[in-house]
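A closer look at the structure
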Amino acid sequence: MIIDAKGVGCPKPVMLAEEALSGMDAGIVEILVDNEGSAGNLEWFAKRRGFFSETVKEPDQWRVKIVKGYDGRTDSADKRLEERQETDKSLMLIVGSDTLGKEELLGKMLVKGFFETMKVTREIPHTIFFLNAGVKLTTINEEIIPVLKDLAEMGVEIFSCGTCLKYYDLESELKVGYRGTTNHIVEGMTDFNKVVWI
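I will try to describe carefully the structure that is included in this document. (Residues numbered from 1 in each chain as written. Predicted model: local features only at pLDDT ≥ 70, side-chain atom pairs only at ≥ 80, totals over all residues. Heavy atoms only, no water.)

Some points on the overall build of the protein chain
From N to C terminus, the protein chain includes seven helices and nine strands. Reported as C-alpha extents along the three principal axes, the dimensions of the protein chain are approximately 55 × 40 × 25 Å. Expressed as a percentage of the 198 residues in the protein chain, the buried residues total 41%. Contacts spanning at least 24 positions in sequence make up 72% of the contacts within the protein chain whose residues lie at least 6 apart. As displayed, the protein chain has an accessible area near 10,800 Å², and 51% of this comes from carbon and sulfur atoms. The distance from the centre of the 25 positive side-chain charges to the centre of the 33 negative ones in the protein chain is 2 Å. (Helix = DSSP H or I, 4+ residues; strand = E, 2+ residues; numbered from the N terminus. Buried < 20%, exposed > 50% of the residue type's maximum accessible area, 1.4 Å probe, protein only. Contact = heavy atoms within 4.5 Å. Areas by Shrake-Rupley, 256 points an atom, 1.4 Å probe, with all protein chains shown as cover. Lys, Arg positive; Asp, Glu negative; His and termini not counted. Charge placed at Lys NZ, Arg CZ, Asp CG, Glu CD.)

Structure follows, in structure tokens:
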């Protein structure tokens, strides 16, 4: 299978590769991209998933071949993820805005890409706590909500600050996860090995 991902922004090439590979027990997917950064991201994705990959630089593109299921390489990421989620409390993520950075339009694109990349690579925290304007991502942001639902299905515990939901009049709009309190943050400081704020 060949996927033409030239001109497609990050993290879409990785998402397309993941979608194609998840639909096969064994096979080869070749992804065509037009920049070295995307090629590197695909190589990193393949390595994290335990797949063989090979990248060839061609005159106007990079060709990344990812192999699944041959020479004993299988996709055991789901099993590893499930085992980790049962016992691992290494990371809690706190999201305090519905954008990443000050530029609002760019920030909304970046926050979407952030969660999509988290989903595709399966590099997920144990818990995500949304507060301040971050609660808009779990309530009224129709682009992000499906991604967060997928993360919840992967085992991520998702909470939204109840005070913040009330402040923005979004208490009845919660689409994913549960209503939480600042106790989650305070307890997280001792329960988790690392707490990251974005």
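There's more to say after this.
What to know about helix α2 (residues 36-49)
Compared with an ideal rise of 1.5 Å per residue, which puts 14 residues at 20 Å, α2 spans 20 Å between its outermost C-alpha atoms and is within 8% of the ideal. Every buried residue belonging to α2 is among Ser38, Ala39, Leu42, Phe45, Ala46 and Arg49, and all of these are buried. Projection of α2 onto a plane perpendicular to its axis shows the buried side chains occupying an angular sector of 120 degrees, all on one side. Residues of α2 that are exposed and point over 90 degrees away from its buried face: Glu36 and Lys47. Looking one or two residues past α2, Gly50 carries a phi angle of roughly 80 degrees, positive in sign. (Expected span 1.5 Å × (residues − 1). Arc of directions from axis to C-beta.)

Digging into a nonpolar patch on the surface
A contiguous nonpolar surface patch, about 420 Å² in accessible area, is contributed by Leu105, Leu106, Met109 and Leu110. When its relative accessible area of 55% is taken as the criterion, Met109 is described as exposed. (Patch = residues over 30% accessible without salt bridge, like charges linked within 9 Å, V, L, I, M, F, W, Y side chains within 5 Å. Salt bridge = Lys/Arg side-chain N within 4 Å of Asp/Glu carboxyl O.)

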